[in-house]
Each structure stands twice: as structure tokens, then as C-alpha cells.
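What follows is each chain in one-letter form.
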Amino acid sequence: MTKTWLSTIAAVALLAASSAAFAADLGRPAPAPIIMPVYNWTGFYIGANLGGAWANGTLTDNLTGASFSGTHSGVIGGGTLGYNWQVSPNFVVGFEGTFDGTSIGNTSNIVTVPILGTPTAIQGSIGTNWVATLAARFGIAVNNVLYYAKGGGGWADNSASLTNTITGVSVSASNTRSGWLAGGGIEYGLSPNWTIKAEYDYLGLSNWSNSGPLSPVDTFSISRGINMVTVGVNYKFY
């Protein structure tokens, strides 16, 4: 009988101790969840870019109808300056300006056309010296990855020449033309301050014309569009 009472008392004591421990655990606050830091895209940034460009253009002599069309490629590179504003965890807006020199080479060919019944050989060439752009950016941020589109305007300094290879008379001109810009890319945050990006842009330029080499009433006109594929690195300020 005594052993039975002792066993009962021990069981009650053990149950009471377990209940007290359980109650203590219930009263203890749960550990705070671990929150991963979210990348901050807001701030001014400055950077550099490098890549390739190709220009689709047509040079036309209006007197003879001789036309030179082709695609000229080269290297493009320069600087970038911009600002991002992260208006929500997943939406970023901003503006960006670039200035790049190009090595889009001059190319030329010869077209033979009749002038008053006499064959005349005409040589044409065209090139781009530099490109500047100013555009708005709209992006979707997935933490430190930004997918963005951009749209705005740009300017390009072009040079062109038209030569009558029979007489040796040649006319050259350079002109800075404006146009519309559209593009997009992806940017990756390596650290709070450093990012890298890859981007494609198209700059559609307005046409321009100049006096030609064949007669006082001769003119030549140029149409031009520039494709640009670049990679870049930016340093972001807070």
C-alpha cells in the first residue's frame, strides 16, 4: 500500500513539473524571423560603358539619283550619369545620360551615272564620330537584379562626303542630328555601390542634306539609324 502511494505521488509531481515547463514555454516570446536585406536602387550613379555599334544609312545624290546604302560597324564607348528612384520594392524609375565616342568606320563605293550622256563615277562615304543620349528608365527590381526599359532622345555627329572621281570635285560635310531613342537591358548589383549591366539601344536620326559636287543645283541627303549593344559598370552614391 505504501509503495502504491509513493508511486502515485511521484507521478503527480512529474506531471506538475512538465505542466510548469510547458506553461513557461508558452509565456516565452517566439524568436523574431530572419529578414534578408533588400537591395536599394535609389541614388545617383556614374559609370562607363563599352561595346559595339552598327549604323544603317543611305546617302543619295539628288541630281543623279545615285544611292549608297550599307551597314557600317565599329566600337562605341564612353561615360554614363544617372539617377534611380525605387518607388516600391519592385518598381524603379529614373533618368540616364550617356556620351560615347565611336569608331563606326567610313565606307565608300563607286556608282557610275550618266551626266549629259557622259558616264560619271561618284564615290560616297559616311561615318559617325560621337553619340549622346538622354532617356528615362523604368525598371522591375527583383532584389539586386533590375530589368529595365528606356526611352528618350539622342544626338549623333555624322560626317559624309560625295566625290566626282572623274573631275576630282568633292564635297564633305558634318552635322549633328537629333532623333528618338528606345532600348532596354538588365543590371545586377554586385554590392551596395557597384553594379554591372548589359544593354541594347536604337537611335533613329532625322535626315539631313548638303550641297553636292556635280553642279550648283546638286545636293545629297543622308538618312541614318544607329544600333548599340554595350556592357557597363556603375558606381552608385547614397
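The structure we're discussing is the one just above.
As the structure is a prediction and not an experimental result, all values here were calculated from the model. (Residues numbered from 1 in each chain as written. Predicted model: local features only at pLDDT ≥ 70, side-chain atom pairs only at ≥ 80, totals over all residues. Heavy atoms only, no water.)

Chemist: Help me understand the overall build of the chain in this model?
Modeler: Along its length, the chain carries one helix and 10 strands. For the chain, the sequential pattern of α-helices and β-strands runs α-β-β-β-β-β-β-β-β-β-β. Counting all 238 residues of the chain, 37% fall into the buried class. In the chain, 68% of the contacts between residues at least 6 apart in sequence involve partners at least 24 apart. (Helix = DSSP H or I, 4+ residues; strand = E, 2+ residues; numbered from the N terminus. Buried < 20%, exposed > 50% of the residue type's maximum accessible area, 1.4 Å probe, protein only. Contact = heavy atoms within 4.5 Å.)

Chemist: Explanation requested: the packing of aromatic side chains in the structure shown.
Modeler: Two measures describe an aromatic ring pair: the distance that separates the ring centres and the angle between the ring planes. Considering all chains together, one arrives at seven aromatic pairs under this definition. Ring pairs connect the aromatic residues F44, Y83 and F95, which therefore count as one cluster. (Phe/Tyr/Trp six-rings, centres within 6.5 Å; stacked < 30°, edge-to-face > 60°.)

Chemist: Is there a simple way to think about the environment of N90 in this case?
Modeler: Mapped onto the secondary structure, N90 falls in the loop between β2 (67–88) and β3 (91–102). For N90, a relative accessible area of 44% puts it in the partly exposed group. N90 has contacts with G139, I140 and A141, leaving out every residue within four places of it along the chain. Only 2.9 Å separates the side chain of N90 from the backbone oxygen of A141, close enough to count as a polar contact. (Polar contact = N/O pair within 3.5 Å; in protein donor to acceptor, adjacent residues only side chain to side chain.)

Chemist: It is not clear to me how unusual backbone geometry should be interpreted in this structure. Could you clarify?
Modeler: Non-glycine residue N143 carries a positive phi angle of around 55°. Within the secondary structure, N143 sits in the loop between β5 (118–142) and β6 (145–164). Since its relative accessible area comes to 39%, N143 is described here as partly exposed.

Chemist: Got a minute to help me understand the side chain of E96 in this structure?
Modeler: Mapped onto the secondary structure, E96 falls in strand β3. At 2.7 Å, the side chain of E96 forms a polar contact with the side chain of K150. A distance of 3.4 Å separates polar atoms of two side chains, one belonging to E96 and the other to K197. Non-local contacts of E96, meaning those with residues more than four positions away in its chain, are made with Y45, T80, L81, G82, T133, L134, A135, R137, K150, K197 and E199.

Chemist: Help me understand the pattern of salt bridges in this model?
Modeler: Side chains bearing opposite charge may pair, as long as their charged atoms lie close to each other. Within this structure, the stated rule accounts for six salt bridges. Notably, a salt bridge pairs R137 with E96, separated by 3.8 Å at the nearest N-O pair. With a gap of 41 residues between them, R137 in strand β5 and E96 in strand β3 connect regions that are remote in the sequence. Judged by relative accessible area, E96 falls into the buried class, the value being 0%. Among the ionic pairs, K150 bridges to E96, the shortest N-O distance being 2.7 Å. Placement of K150 in strand β6 and of E96 in strand β3 is noted, with a sequence separation of 54 residues between them. (Salt bridge = Lys/Arg side-chain N within 4 Å of Asp/Glu carboxyl O.)

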